[in-house]
Protein chains: 2
Amino acid sequence: MAQKNKLQFIILGLLNQRPLTGYDLTKSFDNEIGEFWQAQHSQIYPQLKRLEEQGAITHEVMVSGEKLEKKLYHITDLGTARLRDWITVGTPELTATKDEFILKLYFIRKSTDPRLSVMLHEQLRLHTAKLTHLKGRMTTVFGDDQQIADNYGHYLILQHAVGRESYYVNWLKQTLKTVKHAQA
Amino acid sequence: MAQKNKLQFIILGLLNQRPLTGYDLTKSFDNEIGEFWQAQHSQIYPQLKRLEEQGAITHEVMVSGEKLEKKLYHITDLGTARLRDWITVGTPELTATKDEFILKLYFIRKSTDPRLSVMLHEQLRLHTAKLTHLKGRMTTVFGDDQQIADNYGHYLILQHAVGRESYYVNWLKQTLKTVKHAQA
DNA sequence: AGGAACATGTAAATTGTTACATGATTAC
DNA sequence: GTAATCATGTAACAATTTACATGTTCCT
């Protein structure tokens, strides 16, 4: 296996909350989940087919308007059991964070390299925008306490993402200061 | 392309510092670089062959002992140019962090779920160990200021990794406190 | 002598991305 | 009407992991 097929568990986890179409599942990766995993529809549709063959999910056909058929997938008992097992077993492997900017940074030898400041400013812009987006999500999704109580894990990971992004932005600002001094 | 072949640039960047064998390159992923990118030797050897075909690197054969031949790879002018270009262009895509634990967390609905505490404790153990390792690297690799001045980017990414891991550990501790209260 | 580490490759399978393909519905 | 979005799929390609395969050198 190239990575033990975590996508199947994400699909099962989402379907465990409520029935969804392949299109709905694809869109789930636009927000919070997308912070921690990415998948395109070309990966999701075949995976749905496999999960159904295995009996972990089923689908019913819904018709929108005149003739648009969409498949609404439901999780089965086998699926919930598989999801439960995945969550319950340990998670001992810490995967490397693939950060291309950090990779480039590694190959900058001198603090006086003129590219450094440019690169840091670009990242500061990007990560500040991301942080703003995440904070916006936090207020819209978890405006009231009941939302937090009912989706505690979701709340935790969003809060984690905000904190992580805050750290990144602060680190960039601090590093920029140091670089500025080094170049002065 | 599945990801624009970043591995080639890591190899070029490492060879730009000094000539290395495929084995040496493989081992480079055990430490700092491994925090931000992973690759196995089965990916590195074919990539070296391709880079050499393209004229970005060359190799000379060294003989250790009686007959063990090893290939010491050098970067060429074409290679340094390609590396320079990669570092110089912008890095506008922020890749998702694939964190399996966070993914599992997303599917925990209630703060009273008994698995939560177990999961958080496991991660606290793992990330604390990692933080200790990174701090150790920091003192061994950057004991004196000259090391920092000569490998500033390397210093920055190690420092970034330490900070990121510190955040993670603190977040886990804070979250554990909240969970404990919720369960009390 | 034997085990850990050095050293280099290939093969098979899986995962993930981009591109190709098609059609329906909704809101303006 | 037309553009954005909804909706589902396959094909081709690229990246990544795991397994297969072999041999040497160094240290104790």
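Cut-offs and rules
- Residues numbered from 1 in each chain as written.
- Chains lettered and ligands numbered in written order.
- Predicted model: local features only at pLDDT ≥ 70, side-chain atom pairs only at ≥ 80, totals over all residues.
- Heavy atoms only, no water.
- Contact = heavy atoms within 4.5 Å.
- Buried area = accessible area lost by both parts, 1.4 Å probe.
- Salt bridge = Lys/Arg side-chain N within 4 Å of Asp/Glu carboxyl O.
- Helix = DSSP H or I, 4+ residues; strand = E, 2+ residues; numbered from the N terminus.
- Buried < 20%, exposed > 50% of the residue type's maximum accessible area, 1.4 Å probe, protein only.
- Least-squares fit on C-alpha atoms with pLDDT ≥ 70 in both.
- UniProt positions renumbered as here; feature names shortened; annotations may be inferred.
- Axes fitted to C-alpha atoms, helices over the stretch in contact; angles between N-to-C directions.
- Parallel < 35°, antiparallel > 145°, perpendicular 65-115°, else oblique.
- Expected span 1.5 Å × (residues − 1).
- Polar contact = N/O pair within 3.5 Å; in protein donor to acceptor, adjacent residues only side chain to side chain.
- Near = heavy atom within 4 Å.
- Nonpolar A, V, L, I, M, F, W, Y, C, P; charged D, E, K, R; others polar.
- Left-handed = near helix turned anticlockwise from the far one by under 90°.
- Core = buried A, V, L, I, M, F, W, Y, C linked by side-chain atoms within 4.5 Å.
- Arc of directions from axis to C-beta.

- Identification of chain A as PadR family transcriptional regulator from Lactiplantibacillus plajomi is taken from an unreviewed UniProt entry.

As for the interface of chain A and chain B
Logical step 1: Across the boundary between the two partners, chain A contributes 66 residues, which contact 66 residues of chain B.
Logical step 2: A buried area of about 6700 Å², summed over both sides, lies between chain A and chain B, and 63% of it is on carbon and sulfur atoms.
Logical step 3: Contact with chain B buries area across many residues of chain A, yet Lys98, Tyr106 and Phe107 of chain A alone supply 12% of it, more than any other trio.
Logical step 4: Across the chain A-chain B interface, the total number found is four salt bridges.

Some thoughts on the pattern of salt bridges
Opposite charge on two side chains permits pairing when their charged atoms draw close.
All names here are of chain A.
Logical step 1: A full pass over the atoms with the stated rule returns 14 salt bridges over all chains.
Logical step 2: Arginine 164 serves as the salt-bridge partner of glutamate 35, at 3.4 Å between the closest nitrogen and oxygen. Of this pair, glutamate 35 sits in the loop between α2 (22-28) and α3 (41-53) while arginine 164 is found in helix α8 (residues 152-183), placing the two residues 129 residues apart along the sequence. Residues glutamate 35 and arginine 164 agree in their burial class; the two are buried.
Logical step 3: The network of salt bridges with common partners includes Glu35, Lys130 and Arg164.

Some details on the relation of the copies chain A and chain B
Logical step 1: Rotating chain A by 180° and translating it 0.0 Å along the rotation axis places it on chain B, where the RMSD comes to 0.1 Å. Put plainly, the chains are arranged around a two-fold axis. For chain A, the smallest separation between a C-alpha atom and the rotation axis is recorded for threonine 97 of chain A, amounting to 2.7 Å.
Logical step 2: Mapped onto chain B, 100% of the interface residues of chain A again fall at the interface, so both copies present the same surface.

Here we look at the UniProt feature "domain: Transcription regulator PadR N-terminal" (unreviewed entry) in chain A
Logical step 1: The residues that UniProt annotates with the feature "domain: Transcription regulator PadR N-terminal" (unreviewed entry) are residues 11-84 of chain A.
Logical step 2: Taken end to end, residues 11-84 of chain A is 47% helix and 22% strand, and its first and last C-alpha atoms sit 13 Å apart.

Focus: the packing of helix α1 (residues 7-17) of chain A against α3 of chain A
Residue and element names in this part refer to chain A.
Logical step 1: Relative orientation of the contacting elements α1 and α3 amounts to 75°, with a least axis distance of 10 Å. Here α3 runs roughly perpendicular to α1, going by the angle between their axes. Contacts between α1 and α3 involve Leu7, Gln8, Ile11 and Leu12 on the former and, on the latter, Gln43, Ile44, Gln47, Leu48 and Leu51.

Description of helix α6 (residues 114-141) of chain A
Logical step 1: Here α6 of chain A spans 42 Å end to end across 28 residues, near enough to the 40 Å set by a 1.5 Å rise per residue.
Logical step 2: The opening residue of α6 of chain A is aspartate 113 of chain A, an N-cap whose side-chain oxygen sits 2.9 Å from the backbone nitrogen of arginine 115 of chain A.

Things to note about the protein's contact with DNA strand D
Logical step 1: Residues in contact with DNA strand D amount to 31 residues; listed here are only the nearest, Tyr23, His41, Lys70 and Lys71 of chain A together with Ser42 of chain B.
Logical step 2: Sugar and phosphate atoms constitute 71% of the interface atoms of DNA strand D, taking the interface as everything within 4 Å of the protein.
Logical step 3: Contact between DNA strand D and glutamate 66 of chain B: a phosphate oxygen at 2.8 Å from a main-chain N or O atom of the residue.
Logical step 4: The separation between a phosphate oxygen of DNA strand D and a polar main-chain atom of leucine 68 of chain B is 3.0 Å.
Logical step 5: For the surface near DNA strand D, the elements supplying multiple residues, two or more each, are α2, α3 and β2 (68-75) of chain A together with α3 (41-53) of chain B.
Logical step 6: Taken together, the residues of the surface near DNA strand D sort by class into nine nonpolar, twelve polar and ten charged.

Notes on the packing of helix α1 (residues 7-17) of chain B against helix α4 (residues 77-88) of chain B
All names here are of chain B.
Logical step 1: Two elements in contact, α1 and α4, have axes separated by 9 Å at closest approach and are oriented at 115°. Crossing of α1 against α4: the hand is left-handed. Facing α1, whose interface residues are Gln8, Phe9, Leu12, Gly13 and Asn16, α4 presents Gly79, Thr80, Arg82, Leu83 and Trp86.
Logical step 2: The residue makeup of the contact of α1 with α4, split by class, is four nonpolar, five polar and one charged.

With respect to the nonpolar core
Logical step 1: Of all hydrophobic cores here, the largest spans 108 residues; its most connected members are Phe101 and Trp171 of chain A together with Phe101 and Trp171 of chain B.
Logical step 2: Apart from residues no more than four positions distant in its own chain, phenylalanine 101 of chain A is found in contact with Met119, Leu120, Gln123, Tyr168, Trp171 and Leu172 of chain A together with Thr91 of chain B.

Focus on the UniProt feature "domain: Transcription regulator PadR C-terminal" (unreviewed entry) in chain A
Logical step 1: Taking the UniProt record as the reference, the feature "domain: Transcription regulator PadR C-terminal" (unreviewed entry) is found at residues 97-178 of chain A.
Logical step 2: Secondary structure across residues 97-178 of chain A comprises 83% helix and 0% strand; the distance between its end C-alpha atoms is 25 Å.

Looking at the side chain of threonine 175 of chain A
Logical step 1: Within the secondary structure, threonine 175 of chain A is located in helix α8.
Logical step 2: A polar contact of 2.7 Å, which involves the side chain of threonine 175 of chain A, links it to the backbone oxygen of tryptophan 171 of chain A.
Logical step 3: Each residue touching threonine 175 of chain A, except ones within four places of it in the same chain, is listed here: Leu120 of chain A together with Leu156 of chain B.

With respect to α3 of chain B
All names here are of chain B.
Logical step 1: Helix length check: α3, at 13 residues, gives a terminal C-alpha distance of 18 Å against a target of 18 Å (1.5 Å per residue), a fit within 8%.
Logical step 2: Regarding α3, the residues found buried are Ile44, Gln47, Leu48 and Leu51. What you see down the axis of α3 is that its buried residues fit within an arc of 110°, all on one side. Facing away from the buried side of α3 by more than 90 degrees, the exposed set consists of Ser42, Lys49 and Glu53.
Logical step 3: In this structure, the buried side of α3 is in contact with α1, α2 (22-28), β1 (57-64), β2 (68-75) and α4.
Logical step 4: Downstream of α3 by one or two residues, glycine 55 has phi in the positive range, about 85°.

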